[in-house]
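So you can see what is in the structure, the chains are spelled out below.
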Amino acid sequence: MHEFERDAWEQRWRARGTATAPPPNPYLTAAADDLTPGTALDAGCGAGSEALHLAGAGWQVTAVDLAAEALALAAQNAAGHPAADRVEWIRADLASWEPAARFDLVTTHYAHPAMPHAEFYDRLATWVAPGGTLLIVGHLAEPPGQGHHHHPAAASTTAAAVTARLDEAEWAVTTAAEPVRSVTGGGRSMELHDVVVRAVKRR
């Protein structure tokens, strides 16, 4: 898991330079449209696209990332944003960080923690307030014999693997999907095979 530790992430973000942040994740924007704004945690916020989108929609956002380089790019992207003051940026390791309060929305997008994904998602789930929403977007684990993407096993999962961690007595799962979408970047188009799980914590 060393490739997902702090130094490796600093190097990856440094290599990106000052590139403009991508648009916010479409699964996040769709989910946010359905929810009443409250408090939100963006776990592994990267360049801040999702955090700033939520802030613009009226959420009070805590955005956490391991890499100072990522947060520097997020600050650049937040400059001049009309809702930038609604985001608190925190540099922390989500494997050990603990929030001071629970959130109405906890979301993560393709986070690659230096810990097993299942345990990471367990941690995120404990930070959701009663009646709040958990939204996990990840890379789909590659079926044996197929080569549709190149994400390492440690950075991939399945919808079934995520939902299996959510106790039915405590959670109502509203989305457990493995959609495919096309994205364009760097002059080329590619397909992303995603995992999207959305669940509401019962009161």
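What comes next is a walk through the structure. (Residues numbered from 1 in each chain as written. Predicted model: local features only at pLDDT ≥ 70, side-chain atom pairs only at ≥ 80, totals over all residues. Heavy atoms only, no water.)

**Regarding the packing of helix α2 (residues 26-34) against helix α3 (residues 49-56)**
Move 1: Interaxial distance between α2 and α3 falls to 10 Å at its minimum, and their mutual angle equals 20°. Taken as axis vectors, α2 and α3 run roughly parallel relative to one another. Relative to α3, α2 is oriented so that their crossing is right-handed. Every residue of α3 that contacts α2 at L28, T29 and A32 is listed here: E50, H53 and L54.
Move 2: Counted by class, the contact of α2 with α3 contains three nonpolar, two polar and one charged residues. (Axes fitted to C-alpha atoms, helices over the stretch in contact; angles between N-to-C directions. Helix = DSSP H or I, 4+ residues; strand = E, 2+ residues; numbered from the N terminus. Parallel < 35°, antiparallel > 145°, perpendicular 65-115°, else oblique. Left-handed = near helix turned anticlockwise from the far one by under 90°. Contact = heavy atoms within 4.5 Å. Nonpolar A, V, L, I, M, F, W, Y, C, P; charged D, E, K, R; others polar.)

**Looking at the packing of aromatic side chains**
Move 1: Within the structure shown, the criterion is met by two aromatic pairs.
Move 2: Relative to W127, the ring of W97 has its centre 5.4 Å away and its plane inclined at 85°; by these criteria the two rings are edge-to-face. Here W127 lies in the loop between α5 (117-126) and β5 (128-140) and W97 lies in the loop between β3 (87-91) and β4 (103-109), a separation of 30 residues in the sequence.
Move 3: Overall, W97 belongs to the buried group, its relative accessible area being 15%.
Move 4: Ring plane angle 45° and centroid distance 5.8 Å describe the contact between F120 and Y121, whose orientation is recorded as tilted.
Move 5: F120 gets classed as buried once you look at its relative accessible area, which sits at 1%. (Phe/Tyr/Trp six-rings, centres within 6.5 Å; stacked < 30°, edge-to-face > 60°. Buried < 20%, exposed > 50% of the residue type's maximum accessible area, 1.4 Å probe, protein only.)

**Focus on the pattern of salt bridges**
Move 1: Counted according to the given criterion, the structure contains five salt bridges.
Move 2: Across the salt bridge formed by R165 and D122, the nearest N and O atoms sit 2.4 Å from each other. One end of the pair, R165, is in the loop between α6 (159-163) and β7 (171-177); the other, D122, is in helix α5, and 43 residues separate them in sequence.
Move 3: A relative accessible area of 27% means that D122 is categorised as partly exposed.
Move 4: Of the charged contacts in the structure, one is a salt bridge between D194 and R181, with a shortest N-O distance of 3.1 Å. One end of the pair, D194, is in strand β9 (residues 188-201); the other, R181, is in strand β8 (residues 180-185), with 13 residues separating them in the sequence.
Move 5: The exposure class assigned to D194 is buried, which follows from its relative accessible area of 0%. (Salt bridge = Lys/Arg side-chain N within 4 Å of Asp/Glu carboxyl O.)

**Quick notes on the side chain of D194**
Move 1: Polar side-chain contacts of D194 include one of 3.1 Å to the side chain of R181.
Move 2: For D194, the contacting residues outside a window of four places in its chain are Y27, Y110, G138, L140, A177, E178, P179 and R181. (Polar contact = N/O pair within 3.5 Å; in protein donor to acceptor, adjacent residues only side chain to side chain.)

**Some details on the nonpolar core**
Among soluble globular proteins, nonpolar side chains are generally buried collectively.
Move 1: In terms of nonpolar packing, the biggest core is built from 27 residues, with L41, W97, V106, L124, W127 and L134 touching the most fellow members.
Move 2: Contributing elements (two or more residues each) for this core: β1 (39-43), β4, α5, β5, α6 and β9.
Move 3: Sequence-distant contacts of V106, that is, excluding residues within four places in its chain, are made with L41, L124, W127, V128, T133, L134 and L135.
Move 4: Core analysis: the next-biggest nonpolar cluster, separate from the first, contains 24 residues, A31, W59, A78 and L192 among them. (Core = buried A, V, L, I, M, F, W, Y, C linked by side-chain atoms within 4.5 Å.)

In short, the description is geometric, and any link to function would need to be established separately.
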